Amino acid sequence: MEAAPFKHAMNRAKTEAGVTPEELPRHFEEFDQIFRETGLPPIWNGETLVPWTIFHKESILVAK
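Because the structure is a prediction, the values reported are computed rather than measured.

About the criteria used
Residues numbered from 1 in each chain as written. Predicted model: local features only at pLDDT ≥ 70, side-chain atom pairs only at ≥ 80, totals over all residues. Heavy atoms only, no water. Helix = DSSP H or I, 4+ residues; strand = E, 2+ residues; numbered from the N terminus. Areas by Shrake-Rupley, 256 points an atom, 1.4 Å probe, with all protein chains shown as cover. Expected span 1.5 Å × (residues − 1). pLDDT = per-residue confidence, 0-100.

So, the overall build of the protein chain
Point 1. In terms of regular secondary structure, the protein chain is built from 3 helices and 2 strands.
Point 2. In sequence order, the secondary structure elements of the protein chain are arranged as α-α-β-β-α.
Point 3. In the form shown here, the protein chain has an accessible surface area of approximately 5800 Å², with 62% of it arising from carbon and sulfur atoms.

Written out as structure tokens, the structure reads:
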């Protein structure tokens with residue numbers, strides 16, 4: 001029971017600390033632009049915002 005996986009904190013992405021308050025307006029603008037173009041909210045892939053359609057296509061290729 002002492003070695004149970006739920007007893008250990010999961011590794012958290014360090015991306016939250018990488019975004020400064022000055023960069024937020026640019027991220028919001030990028031989000032809005034992708035949303036207007038695709039009609040779907042973008043996905044954060046750990047590095048950047050990616051349109052749902054592109055992220056979905058990559059997921060299908062990985063699943064195959």
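Side note on helix 2 (residues 24–38)
Point 1. Here helix 2 spans 21 Å end to end across 15 residues, near enough to the 21 Å set by a 1.5 Å rise per residue.
Point 2. Downstream of helix 2 by a residue or two, Gly39 has a phi angle that is positive, lying close to 80°.

A closer look at the confidence of the model for the protein chain
Point 1. A residue-level look at the protein chain finds 70% of positions with pLDDT of 70 or above and a mean pLDDT of 77.
Point 2. When pLDDT is averaged over each helix and strand of the protein chain, the minimum, 55, is found for helix 1 (residues 15–18) and the maximum, 93, for helix 2.

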